[in-house]
Amino acid sequence: MEQVKEVQIPVAPDSRGTDAKPFVDIWSIGSIELRSRLLLGTSGYPNPAVMLESLAASETQLVTVAIRRVDIRDRSDESLLELLSRLPVHVLPNTAGCYTAKEAVLVAELAREVLETDLVKLEVIGDDETLLPDVEQLLQAAKTLIDAGFEVLAYTNDDPITCRKLADLGCAAVMPLASPIGSGMGLMNPYNLQLIRDIISDTPLVVDAGIGTASDATLAMELGYDGVLINTAVTKAKHPVQMAAAMRNAVQAGRLAHLAGRIPRRFYAAASSPMEGRVGQ
C-alpha cells in the first residue's frame with residue numbers, strides 16, 4: 001500500500017466552537033496526487049446540471065469519461081469535456097465498450113492524442129450479459145499500454161491472481177470489482193477483496209463496479225482499499241447530488257476507520273468497564 005504523505009485526523013469542535021481540524025490524506029495514482037479517494041463516472045446523469053452538482057458535492061478530483069461513447073473532439077461550450085475542463089478535476093479516459101486488447105489499445109491511443117494524458121482506465125469486457133472482464137485480453141492490453149508509456153488503471157474481477165499479475169506488469173492502479181457493473185449489489189465477496197489487499201501492498205487498489213449505497217463504499221475503504229470508483233450508484237439514485245455527498249462522507253469515514261484500526265472480533269462478550277472495585281465487593 002502506498003505511504004500516506006500527510007494525514008490530519010479531524011477532532012470535534014470544543015465547547016467554545018473552535019472549528020474541527022481538516023482531514024488531509026494525500027495519495028497518488030501514477031503521476032497525479034489526490035486528496036479525494038472517491039472517483040466518479042460521468043455517464044448516465046439526468047442532465048449536465050445534475051452531473052456538475054453531483055461532482056461538486058462529491059469533491060472528487062478524478063472523473064472517468066468513456067471514450068467510445070462521447071465525441072472527444074467536440075469542444076463546444078456545452079460538450080462534456082468542455083464542462084469538465086472548467087472544474088478542478090483530472091479526466092481519466094476509459095476504454096468502456098472494448099471487447100479485445102486491440103480495440104482497447106486503439107481507444108487508449110486516441111484518448112492520449114486528443115486529451116494529452118497518459119492516464120487510462122483499462123476495460124476489456126468479455127460479454128454483454130455480465131460485463132465481466134476478459135482476463136486474457138485485459139492482461140495483453142495492459143502490457144501493451146504500459147510498454148507504450150501509459151499509466152494504466154486496470155478494471156478486473158476479484159481474482160487475487162489476476163490482480164497480482166496486473167500489479168506485477170506495472171499498472172498504476174488495480175481496480176477489482178465489488179460486483180458486476182451497474183448491479184448495485186455491493187461487495188459480494190469481501191473475502192477475496194481482503195485477500196487482494198493482503199497480497200498487494202505495492203500498488204494502489206480501487207474498488208470499481210457494483211457499489212450500491214454509501215455503506216458499500218465505507219466497507220471497501222475499511223478493508224484497506226485506497227479508493228472507490230462509483231458511477232451508477234450516484235447517477236441512478238433518486239437524488240444523485242445527495243448520494244454523491246453521501247458517498248464522499250462514506251469514503252472518508254471508511255478511510256478513517258481503517259486508519260484507526262477496528263477492535264478484534266470476539267466470539268464472547270467482553271465487559272467494557274473494569275471488574276475491580278465493583279459495589280458490593
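The model shown is predicted, which means the values in this text are computed figures rather than measured ones.

> Quick question: what am I supposed to make of helix H9 (residues 240-260) here?
Helical geometry note: an α-helix holds 3.6 residues per turn, so side chains three or four residues apart project in the same direction. Its 21 residues give H9 an end-to-end C-alpha distance of 30 Å, which sits within 8% of 30 Å, the value for a rise of 1.5 Å per residue. Looking at H9, one finds that the buried residues are Pro 240, Met 243, Ala 244, Ala 245, Met 247, Ala 250, Val 251, Gly 254 and Arg 255. The secondary structure elements touched by the buried residues of H9 are strand E2 (24-25), strand E5 (38-41), helix H1 (48-58), helix H7 (214-222), strand E12 (227-230) and helix H8 (232-235). Immediately downstream of H9, the backbone of Gly 261 shows phi near 85°, a positive value.

> I'm lost on the environment of Asn 157 in this one. Help?
You can see Asn 157 is positioned in the loop between strand E9 (151-156) and helix H5 (160-169). Apart from residues no more than four positions distant in its own chain, Asn 157 is found in contact with Pro 133, Val 135, Thr 162, Cys 163, Pro 176 and Leu 177. Side chain to side chain, Asn 157 and Thr 156 meet in a polar contact 3.5 Å long.

> I tried to follow the nonpolar core on my own but got confused; where do I start?
The tendency in soluble globular proteins is for nonpolar side chains to be buried as a group. The biggest cluster of nonpolar side chains holds 66 residues, and the ones touching the most others in it are Leu 122, Val 152, Ile 230 and Met 247. For this core, the element with the most residues is helix H3 (residues 101-115), which contributes eight residues. Apart from the residues lying within four places of it in its own chain, the contact partners of Met 247 are Leu 38, Ile 211, Gly 212, Thr 213, Ala 214, Ala 217, Ile 230, Ala 233 and Val 234. Among the nonpolar cores identified, the runner-up in size contains 14 residues, and Ile 29, Leu 92, Ala 173 and Met 175 belong to it.

> In this structure, what is going on with the packing of helix H4 (residues 135-147) against H5? I would like to understand it.
For any two helices packed against each other, the geometry is given by the interaxial angle and the distance between the axes. Packing of H4 against H5 brings their axes to within 10 Å, and their N-to-C directions diverge by 10°. Comparing the axis directions of H4 and H5 gives the class roughly parallel. Both H4 and H5 take part in a crossing whose hand is right-handed. For the pair formed by H4 and H5, the contact residues are Val 135, Leu 138, Leu 139, Ala 142, Lys 143 and Ile 146 on the first element and Thr 162, Lys 165, Leu 166 and Leu 169 on the second. Classifying every residue of the contact of H4 with H5 gives seven nonpolar, one polar and two charged.

> Looking at this structure, I do not really get the pattern of salt bridges. What am I missing?
Where side chains of opposite charge bring their charged atoms close, a pairing between them can arise. As enumerated under the stated definition, the model contains eleven salt bridges in all. Notably, a salt bridge pairs Lys 121 with Asp 208, separated by 2.8 Å at the nearest N-O pair. Of this pair, Lys 121 sits in strand E8 (residues 119-122) while Asp 208 sits in strand E11 (residues 206-208); the two residues are 87 residues apart in sequence, bridging distant segments of the chain. Across the pair, exposure class does not vary: Lys 121 and Asp 208 are buried alike. Three or more residues are tied together by salt bridges with common partners; here these are Asp 25, Arg 37 and Arg 255.

> Explanation requested: H4 in the structure shown.
Over its 13 residues, H4 extends 18 Å from the first C-alpha to the last, a length consistent with the 18 Å expected when each residue adds 1.5 Å. Among the residues of H4, the N-terminal cap falls to Asp 134, whose side-chain oxygen and the backbone nitrogen of Glu 136 are separated by 3.3 Å. Gly 149 lies just past H4 and shows a positive phi near 90°.

About the cut-offs
Residues numbered from 1 in each chain as written. Predicted model: local features only at pLDDT ≥ 70, side-chain atom pairs only at ≥ 80, totals over all residues. Heavy atoms only, no water. Helix = DSSP H or I, 4+ residues; strand = E, 2+ residues; numbered from the N terminus. Expected span 1.5 Å × (residues − 1). Buried < 20%, exposed > 50% of the residue type's maximum accessible area, 1.4 Å probe, protein only. Contact = heavy atoms within 4.5 Å. Polar contact = N/O pair within 3.5 Å; in protein donor to acceptor, adjacent residues only side chain to side chain. Core = buried A, V, L, I, M, F, W, Y, C linked by side-chain atoms within 4.5 Å. Axes fitted to C-alpha atoms, helices over the stretch in contact; angles between N-to-C directions. Parallel < 35°, antiparallel > 145°, perpendicular 65-115°, else oblique. Left-handed = near helix turned anticlockwise from the far one by under 90°. Nonpolar A, V, L, I, M, F, W, Y, C, P; charged D, E, K, R; others polar. Salt bridge = Lys/Arg side-chain N within 4 Å of Asp/Glu carboxyl O.

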